[in-house]
Structures are given as structure tokens and as C-alpha cells.
Amino acid sequence: MISLDSTRGIFMKTLFSLLAVLFLCTSLFAERFSVAGITFCTDYYEGDYSDISKKIPAGEAIVCELPSNVKRLKIPSKVDHGGKSYAVKEIYYASGVSIYKYGGTLETVEIEEGIERIGFNAFFQCDRLKEIRIPSTCTEIDLDTGLPKTDSSGNHWYCDLESVIVADENPNYSSKDGILYDKKSGKVLFIPHSNKSKK
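Residues numbered from 1 in each chain as written. Predicted model: local features only at pLDDT ≥ 70, side-chain atom pairs only at ≥ 80, totals over all residues. Heavy atoms only, no water.

J.: Would you mind showing me how to read the overall build of the protein chain here?
T.: Each helix and strand counted, the protein chain has 2 helices and 16 strands in total. In the protein chain, which comprises 199 residues, the proportion classed as buried is 39%. Only carbon and sulfur atoms are counted for the fraction: they give 55% of the accessible area of the protein chain, which is about 11300 Å². (Helix = DSSP H or I, 4+ residues; strand = E, 2+ residues; numbered from the N terminus. Buried < 20%, exposed > 50% of the residue type's maximum accessible area, 1.4 Å probe, protein only. Areas by Shrake-Rupley, 256 points an atom, 1.4 Å probe, with all protein chains shown as cover.)

What follows is the structure, encoded as C-alpha cells:
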């Protein structure tokens, strides 16, 4: 005969197992949605490679794919979807499969005030991109991979970028003649490959 205590124990173990599976599923299958051709991710982002992943804070979304069929793009700092409003704080590995497969036409990107980070491979494969406008709120830029440039082997995958323009009020970065500087030290941080002033 099975005792009441052992029945409760089995029930509790089963309940905890189900809750763990539910939590795992909601983490692994985060919502992806598109607004005006831009794809956003909420909760958790798993990229094309297993080492490209990040947890996204509640109430936030990241830009994880850019459209491949527009020349000018303004990336919003707030997006509404499914009756919820999300703060967009970061652009992260946002090239998207569409640009890689079909070749993007994107030439100008304006990042809206409120976005704080240009993250890992944010504009990877955006090889026709000529200009990026950075707001005063963007205080973190992944200088290794966040901005389009030649790779470590010298491949000119991003050879059209001419100019990075930073809002005057940005506390960390400034720009002059399309070149990115550290605002405090005046050190050059990034020179776009096709910048005309360096020739």
C-alpha cells in the first residue's frame, strides 16, 4: 500500500520536473518578431553559432536582424508587439541571414536616442553600409566587431563604410570627418575603411 506521504513526494517531484521543462522551453524558444522589417528578440537570443547567445532583461528587446531590402533605416528605441511595449537597448549580431544570403542594400543607419549598445557583430555582412549615426545614449560600442571594417585577415567585407557620426551630447564618443574618437582622451577608436578624409 502506497502511503500519502510518498504520493505527495511523487506529485511534488513531477510538478518540479514539469516546471523545470517549462522554464527551459521559454528560455530556449524566445520570441522573435518583426516590425517594419527589423527582427527583434526578447528574453533569450541564440544566434547561428552556439557561442553567440545572450540573456535579455525583462521588458527589453534586442535588434537581432536587419532588413536586406532598404537603403535607409532608423532603428527604434521602443517597439510594440502583442500588446506589450519593449525598450530596445542593443543591436546584437544583427546582420541576419537575409543579408548574408541575398546581399543587403542598406546604406545609411540612424540609431534612435535610447539605444545604449552596439554589440557583437551588429552590422556583420552589411557591406554596402556607408553611414552610421550614433545617438547620445549609445555609450557602449563593441570596437572589435560592432562596427563594419576589414577583418583580421584583411578581407574587405565592409569596404563601403565611409562615416560614423556621433551626437554631440554623447558622453563617451565623438566624431570628426566620419572618424570615431574617445571623447575624453581624443584617441582615434575607429576609422571606416572607405573614409575619404584618411586618403
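The structure having been displayed, the exposition proceeds.
J.: Would you take a moment to explain the pattern of salt bridges for this structure?
T.: Side chains bearing opposite charge may pair, as long as their charged atoms lie close to each other. Enumeration according to the criterion identifies 6 salt bridges in this entry. For Glu116, the salt bridge goes to Lys89, with nearest N and O atoms at 3.2 Å. Of this pair, Glu116 sits in the loop between strand S9 (108–111) and strand S10 (117–118) while Lys89 sits in strand S8 (residues 84–91), and the two are 27 residues apart along the sequence. Classification of Glu116 as partly exposed rests on a relative accessible area of 28%. Where Arg133 meets Glu131, a salt bridge forms, and the shortest distance between an N and an O atom there is 3.0 Å. Salt bridges linked by common partners bring Lys89, Glu90, Glu116 and Arg117 together as one network. (Salt bridge = Lys/Arg side-chain N within 4 Å of Asp/Glu carboxyl O.)

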